[in-house]
Amino acid sequence: MVYRITKEKMDSYREHMLQEEFAPDTIKKYLRDIRAFAVWLECAADRQRKSGEIFTGKSQPGAEATASIESPVSDDGIHRSGVLLEEEAAVQVDKEASTGWKTHLTKAGYAPATINAMISSLNSFFDFLGWKECQVKFLKIQRRTFREQEKELSRAEYGRLLETARENGNSRLALLLETICATGIRVSEVRYITVEAFYRKRADISLKGKIRTILIPGKLCKKLRDYARKQNITTGEIFITRKGNGMSRCQIWREMKKLCEKAGVNPSKVFPHNLRHLFARTFYKVCRDIVKLADVLGHSSIETTRIYLMSTGETHARQMERLGLVS
């Protein structure tokens, strides 16, 4: 059987993800990853056709194919360039092509976790279409026992970010950072922090096919209420733009990054999910109950929660020194 990626197949897969209630950002990412693979495959084949060679997925594309991986993508995950997928792609998809894509990403220097995430998008698409023979295995990554020091946000650094945001007159950002860090919510769950939620002192979050309730600390509820009154927000989401729309993931990311230099915090540590990690470590120090923490974070597996609790390399090194096994 000949497998080819078409616009119709992509549209069907997008509808499938919507029906399965995938998060909007997840849908965008999956479509973006699949299109990157399709563009790479088409460019590689086109280059080799021009040179008179026979294309196989194992062959490595030239610079033009590598560049196309970073092609602009619109909000719905469709390439603005219009390249590919308006009609049937000229290149057949098979196991060799998928394996070649994985090899290319590895040689291009992508992080193993990033490569596995892109493979996951592709495999999910193939599974939906019934193209199981085109699926490829993930890279095997040995689980690390510690986190990199340069990526762990400390309490002191978190405090400096809050102080800097307030000094800059950005009370919305300061409150947003406190809300994420004090509740452990994902950045995609910020929209559930509403006027109604702080009055109830809890938010019911529906994501990834699951519903969980998070409690909002009393002190945070008061701050949210005071902020809403000042901004004349009487219903719905608290963290909105001037036009009344909810803040996007990209907007939150950009505003956080602007604080780094003035706050004296390494930019590699400043992103929304790191606030969730700080919440998890702090929560665990207080309750020492990983099962309860997993429930609060909305994790299906405790193994995921363990990643949040890894110590830094520096802490790990001190623990190794205390073993006293070197005379």
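Thresholds, definitions, all that
- Residues numbered from 1 in each chain as written.
- Predicted model: local features only at pLDDT ≥ 70, side-chain atom pairs only at ≥ 80, totals over all residues.
- Heavy atoms only, no water.
- Core = buried A, V, L, I, M, F, W, Y, C linked by side-chain atoms within 4.5 Å.
- Buried < 20%, exposed > 50% of the residue type's maximum accessible area, 1.4 Å probe, protein only.
- Helix = DSSP H or I, 4+ residues; strand = E, 2+ residues; numbered from the N terminus.
- Contact = heavy atoms within 4.5 Å.
- Salt bridge = Lys/Arg side-chain N within 4 Å of Asp/Glu carboxyl O.
- Phe/Tyr/Trp six-rings, centres within 6.5 Å; stacked < 30°, edge-to-face > 60°.

Visitor: Just to check I follow, could you spell out the nonpolar core for this structure?
Guide: General note: in soluble globular proteins, nonpolar side chains tend to be found buried as a group. In terms of nonpolar packing, the biggest core is built from 44 residues, with Ile193, Leu224, Ile238 and Phe239 touching the most fellow members. Secondary structure elements with two or more residues in this core: helix H6 (155-167), helix H7 (171-183), helix H8 (195-200), strand E2 (202-207), helix H9 (218-230), helix H10 (249-263) and helix H11 (272-287). Ranked by residue count, the leading element in this core is H7, at seven residues. If sequence neighbours within four positions are ignored, Phe239 has contacts with Arg172, Leu175, Leu176, Thr179, Val190, Ile193, Leu224, Asn245, Gly246 and Met247. Grouped together as the second largest cluster of nonpolar side chains are 27 residues, Met10, Met17, Trp101 and Cys134 included.

Visitor: Hey, could you run me through the pattern of salt bridges in this one?
Guide: Close approach of charged atoms allows side chains of opposite charge to pair. Taken as a whole and assessed by the stated rule, the structure comprises 13 salt bridges. One salt bridge connects Glu178 with Arg166, and the closest N-O pair in it is separated by 3.2 Å. In this pair, Glu178 is assigned in helix H7 and Arg166 in helix H6, connecting sequence segments 12 residues apart. Note on Arg166: relative accessible area 44%, which makes it partly exposed. Within this structure, Arg166, Glu178 and Lys223 form a network of salt bridges that share partners.

Visitor: Which parts of the structure should I look at to understand the packing of aromatic side chains?
Guide: The relative placement of two aromatic rings is captured by the distance of their centres and the angle of their planes. Counting across every chain of the model gives 15 aromatic pairs. Centroid distance Tyr13 to Phe128: 5.4 Å. Interplanar angle 45 degrees. Geometry classified as tilted. Separated by 115 residues along the polypeptide, Tyr13 in helix H1 (residues 7-19) and Phe128 in helix H5 (residues 112-129) bring together distant segments of the chain. Arranged with centres 6.2 Å apart and planes meeting at 65 degrees, the rings of Phe125 and Trp131 form a pair that is edge-to-face. In terms of burial, Phe125 and Trp131 fall into one category: buried. Three or more aromatic residues link up through ring pairs in this structure, and these residues are Tyr3, Tyr13, Phe37, Trp40, Trp101, Phe125, Phe126, Phe128 and Trp131.

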